[in-house]
Amino acid sequence: MNIKNKETYKFQSEVKQLLHLMIHSLYSNKEIFLRELISNASDAIDKLRFKSISSPSLYQSNNLPKIQISINKAQKTLIINDNGIGMTKKDIIENLGTIAKSGTKSFLKSLENKTNDIKNELIGQFGVGFYSSFIVSDKVIVRTKFAGNKSNEGILWESQGTGEYNITNIAKKTKGTEIILFLKKEEEEFLETWRIKNIVSKYSDHITTPIEIQTYEEKSKTYIWEQINQAKALWTKNKSSISEKEYQEFYKYLTNDQNNPITWSHNHVEGTHEYISLLYIPKKAEWDIWNKENKNGLKLYVKRVYIMDNSKEFLPNYLRFIRGVIDSNNLPLNISREILQNNSITKNLKKALTKRSLKMLDTLSKNDNKKYQSFWNQFGLVLKEGPAEDNENLNLIANLLRFTSIKNNSSEQTISLKQYISKMNEKQEKIYYITSDSYISAKNSPHLELFNKKNIDVLLLSDRIDEWMMNYLVEFEGKKFQSISKEDESLNKLTEEKITNNNNIKTDMSDFIKKVKKILGEKVKSVRLTNRLTETPCIVLSDSNEMSTQMAKLFSAAGQPVPELKYIFEINPKHPLIKKISKINEQKIFEEWIKLLLEQALFAEKGNLDNPHKFIARMNKLFIQF
Ligand code: ADP
Ligand code: MG
């Protein structure tokens, strides 16, 4: 065998960065390296099984799939061997020299300026993968042969986890991969059989391939292979035979998350569509939850055979935080991502799993409000995409939404629509809300004055998505939603009676209103008196069928053209400033005041002005008059 063909390669710079990070930040649970290597071995076996469906020659049936761990105390090595798909030379350079995962760069960037504890957690979530072997090793050797390779030659990959690695051709009879870890001096605990057994049962019990460890048997004075995992897919077991702890451990194995899930839902379904689903709600959002190409999705099995990770076809986007397994009896084994997308079985499963997920959340909200609140605080923004995406389940989703309101006295979103309705004022017909840029600006909006006075609660919405979401929420349990910054008859009813009762004010002011209209002309849609205000002299309202201010802001932030907004200008005749202005005789000064009033109202509504300098100049001019 020619050994002179040794070649040296440099790691991609991101690998170096990741290796460095890992070795210096993953101090608290080094043992996960074994979980990673076993998971790779198991993936490799799954891949071989899957590939051999289309090319049966890859699979030699006399070779049962297994993962074997052996310990060599003399050489201080830990060896993990599998008979999976193996790697070609090209594979190995790609897989163990670079990071193929999309989003690695942004992931590494997201770690900047984080504390070590947070880094530790995030790296764990990201899936540290093969490189984690360098946390405990001075040197790692990989000996591998691709299953389709009929020769007796394989590849050896070797590195000390610094800047570079070597590749050599070697003799290798068996297909699959063998990883040899040369343990660091201080990591010799991993040479103890009990320790390895312990880690395997902690992280890898649910791997469906048997994992064996080589142990010495006193009686026969020989080495024997002992199986150390259950090797039964958890989701196929009977619900009643699975403990809470087993569900939690399976979740951790599935996701690399170190936290327990908030809740889960496990179902065996029979009938035309036979499937098993096990869905989990994580405690924390993944680092890439807002990334367009976030990787989340369910792990897909067909008749217990692993097909693929992260299939997004089974849940709508607004439920992308859900993790878990779907095992279908009806999908074909040789399914590809493309076929999956246009498959009617997939569509039916998606429908069913969506309902199931929403039901799981509904149950959580009813049984454990505290846990539901923590879910909402973490994922509420994602769920708020639901009304726009999923009209069919609109009511279920609306039930799950949480809001803050005037009476809540905190920015935390804790109020359900059901709660809001149950506390509605007797004469109140609608669910009132206001959208704004921030909680503070919503809470202090002059639009709320009437509601405060009448003791009517208003939902305060200030997440960016809220305005968008409210376009899709028309009514809930027979009550219509109403933006209080828009013109609305039900509101006029509440104020009308006072204005008409107070005929004096009306006649006194009708001349005034005429004058204002003349001055403002085309700048406003109309001018009228209002009784909805107490503290504020005037306000602007959007016409009921016009684009709202918040929506216009979203459009313009997205670079979309926005039609010119024209408002209804409402004046509070009881306000001292209005009373004073209405008595000004000098036309020029009167005009300035009216323009200033409109600018004030626009400023309060939009949070900015087209021409702030003009506004300031006008104000200063009027100050001098005083
Ligand atoms: P991930 O498993 O998330 O893809 P890893 O860093 O754990 O990332 O592994 C990188 C890649 O190396 C794997 O995707 C796989 O292609 C390859 N690989 C690692 N271990 C094995 C193995 N035992 N057999 C075959 N391929 C492997
Ligand atoms: Mg891996």
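Residues numbered from 1 in each chain as written. Chains lettered and ligands numbered in written order. Predicted model: local features only at pLDDT ≥ 70, side-chain atom pairs only at ≥ 80, totals over all residues. Heavy atoms only, no water.

A. Region of interest: the packing of aromatic side chains. Under the counting rule described, the total for this entry stands at 24 aromatic pairs. Pairing Tyr-251 with Tyr-280 gives two aromatic rings, centres 5.0 Å apart and planes at 50°, and the pair type is tilted. With Tyr-251 in helix H8 (residues 244-255) and Tyr-280 in strand E11 (residues 275-281), this residue pair connects regions lying 29 residues apart in the sequence. Just as Tyr-251 is buried, Tyr-280 falls in that class too. (Phe/Tyr/Trp six-rings, centres within 6.5 Å; stacked < 30°, edge-to-face > 60°. Helix = DSSP H or I, 4+ residues; strand = E, 2+ residues; numbered from the N terminus. Buried < 20%, exposed > 50% of the residue type's maximum accessible area, 1.4 Å probe, protein only.)

B. The arrangement of empty space enclosed by the protein in detail. Per the stated rule, a full pass over the model turns up four cavities of 30 Å³ or more. One number sums up the size of the largest cavity: a volume of about 70 Å³. For the largest cavity, the full set of lining residues is Ser-42, Asp-43, Asp-46, His-206, Ile-207, Thr-208, Trp-235, Phe-250, Tyr-253, Lys-299 and Tyr-301. Counting only elements with at least two residues in the lining of the largest cavity, the list comes to helix H2 (32-54), H8 and strand E12 (298-302). A per-element tally of the lining of the largest cavity places H2 first, with three residues. Classifying every residue of the lining of the largest cavity by side-chain character gives five nonpolar, three polar and three charged. Formed jointly, the lining of the largest cavity draws a minimum of three residues from each of two domains, domain 1 (3-227) and domain 2 (234-372). (1 Å grid on protein atoms, 1.4 Å probe; cavity = no way out; pocket = protein on both sides within 12 Å on 5 of 7 lines; lining within 4 Å. Points joined across faces, edges and corners; volume = space filled by probe spheres on them. Nonpolar A, V, L, I, M, F, W, Y, C, P; charged D, E, K, R; others polar. Domains from an automatic or database assignment.)

C. Geometry of the environment of Ser-52. One can find Ser-52 in helix H2. A relative accessible area of 11% places Ser-52 in the buried class. Taking the C-alpha atoms as reference, Ser-52 lies 9.8 Å from Ile-85; in sequence the two are 33 residues apart. Residues contacting Ser-52, with those up to four places away along its chain left out, are Leu-58 and Tyr-59. (Contact = heavy atoms within 4.5 Å.)

D. Up close: the environment of Asn-317. Looking at the secondary structure, you find Asn-317 in the loop between strand E13 (305-311) and strand E14 (323-328). For Asn-317, a relative accessible area of 43% corresponds to the partly exposed category. On a C-alpha basis, the gap between Asn-317 and Leu-48 in space is 31 Å, while along the polypeptide they are 269 residues apart. Those residues in contact with Asn-317, other than ones at most four positions away along the chain, are Val-382, Glu-385 and Glu-389.

E. The layout of surface pockets, seen in detail. One number sums up the size of the second largest pocket: a volume of about 730 Å³. Counting residues per element, the lining of the second largest pocket draws most heavily on helix H22 (residues 587-606), at five residues. Of the residues in the lining of the second largest pocket, the class split is twelve nonpolar, four polar and ten charged.

F. Inspection of the packing of H2 against helix H7 (residues 193-203) at higher detail. At their nearest, the axes of H2 and H7 sit 10 Å apart, and the two run at 65° to each other. Between H2 and H7 lies a crossing whose hand is right-handed. Between H2, through Ile-32, Leu-34, Arg-35 and Ile-38, and H7, the contact on the second element is made entirely by Ile-196, Ile-199, Val-200 and Tyr-203. For the contact of H2 with H7, the residue count by class is seven nonpolar, no polar and one charged. (Axes fitted to C-alpha atoms, helices over the stretch in contact; angles between N-to-C directions. Left-handed = near helix turned anticlockwise from the far one by under 90°.)

G. The sheet that holds strand E17 (residues 459-461), seen in detail. As summarised here, the arrangement of the five strands in space is E15-E17-E16-E19-E18, forming an open sheet in which the pairing is mixed. Across the chains shown, the open sheet's two edge strands, defined by having one partner strand only, are strand E15 (404-405) and strand E18 (475-476). Two elements, E18 and strand E19 (residues 479-483), share two bridges in a ladder whose sense is antiparallel. Bridging across to E19, Glu-475 finds its partner in Lys-480. (Pairing = 2+ DSSP bridges.)

H. Representation of the site of ligand 1 within the structure. The immediate surroundings of ligand 1 are formed by twelve residues, with Asn-40, Asp-82, Asn-95, Gly-129 and Phe-130 found nearest. Within the side chain of Asp-82, a nitrogen or oxygen atom sits 2.9 Å from a nitrogen atom of ligand 1. Contact between ligand 1 and Thr-177: a nitrogen atom at 3.2 Å from a side-chain N or O atom of the residue. Burial of ligand 1 by the surrounding chains reaches 78%, relative to a free accessible area of 530 Å². Every element with two or more residues in the shell around ligand 1 is listed here: H2 and helix H3 (89-97). Along the lines of polarity and charge, the residues of the shell around ligand 1 split into five nonpolar, four polar and three charged. (Near = heavy atom within 4 Å. Polar contact = N/O pair within 3.5 Å; in protein donor to acceptor, adjacent residues only side chain to side chain. Areas by Shrake-Rupley, 256 points an atom, 1.4 Å probe, with all protein chains shown as cover.)

I. Structural view of the side chain of Thr-354. With respect to the secondary-structure elements, Thr-354 resides in helix H10 (residues 344-367). On the accessibility criterion, Thr-354 (4% relative accessible area) is buried. What Thr-354 contacts, discounting residues up to four positions off in sequence, is Leu-315, Pro-316, Tyr-318, Leu-319, Asp-390 and Asn-393.

J. Spatial organisation of the sheet that holds strand E5 (residues 153-159). Judged by pairing direction, the sheet is mixed, and its nine strands sit side by side in the order E1-E6-E5-E4-E7-E3-E2-E8-E9 without closing on themselves. Single-partner strands in this sheet number two, and they are strand E1 (7-10) and strand E9 (222-227). This sheet shows a mean twist of 25° between the axes of neighbouring strands, independent of strand direction. Along the sheet, H3 contacts E1, strand E4 (137-145), E5 and strand E6 (164-171); its crossing angle with E6, the most-contacted strand, is approximately 155°. H7 rests against strand E2 (67-72), strand E3 (77-82), strand E8 (211-217) and E9 of the sheet, and its axis sits at about 160° to E8.

K. Examining unusual backbone geometry more closely. We note that Lys-221 has phi near 55°; this positive angle belongs to a residue other than glycine. Among the secondary structure elements, Lys-221 is positioned in the loop between E8 and E9. In the Ramachandran plot, Asn-310 falls in the positive-phi region, its phi being about 50° despite a non-glycine side chain. Position of Asn-310 among the secondary structure elements: in strand E13. Asn-310 sits in the partly exposed class, given a relative accessible area of 24%.

L. Inspection of helix H1 (residues 13-25) at higher detail. Its 13 residues give H1 an end-to-end C-alpha distance of 18 Å, which sits within 8% of 18 Å, the value for a rise of 1.5 Å per residue. The set of residues buried in H1 consists of Glu-14, Val-15, Leu-18, Leu-19, Leu-21, Met-22 and Ser-25. Mapping the buried residues of H1 onto a view down its axis gives an arc of 165°, with all of them on the same face. Those residues of H1 that are exposed and aimed more than 90 degrees away from the buried face are His-20 and His-24. (Expected span 1.5 Å × (residues − 1). Arc of directions from axis to C-beta.)

M. Region of the structure containing the domain arrangement of the protein chain. Annotation of the protein chain at the domain level lists domain 1 (3-227), domain 2 (234-372), domain 3 (402-490) and domain 4 (499-625). Taking the mean C-alpha position of each, domain 1 and domain 4 sit 70 Å from one another.

N. Geometry of the pattern of salt bridges. Evaluation of the coordinates by the stated rule reveals 36 salt bridges. In this structure, the salt-bridge partner of Lys-73 is Glu-192, at a minimum N-O distance of 3.4 Å. A residue pair is termed long-range when its members are at least 10 positions apart, and Lys-73 in the loop between E2 and E3 and Glu-192 in the loop between strand E7 (176-183) and H7 qualify at 119 residues. Relative accessible area serves as the criterion here: at 29%, Glu-192 is assigned to the partly exposed category. Measuring nitrogen to oxygen at the nearest pair gives 2.5 Å for the salt bridge that ties Lys-525 to Glu-546. A residue pair is termed long-range when its members are at least 10 positions apart, and Lys-525 in the loop between helix H19 (503-520) and strand E20 (526-529) and Glu-546 in the loop between strand E21 (538-542) and helix H20 (549-557) qualify at 21 residues. (Salt bridge = Lys/Arg side-chain N within 4 Å of Asp/Glu carboxyl O.)

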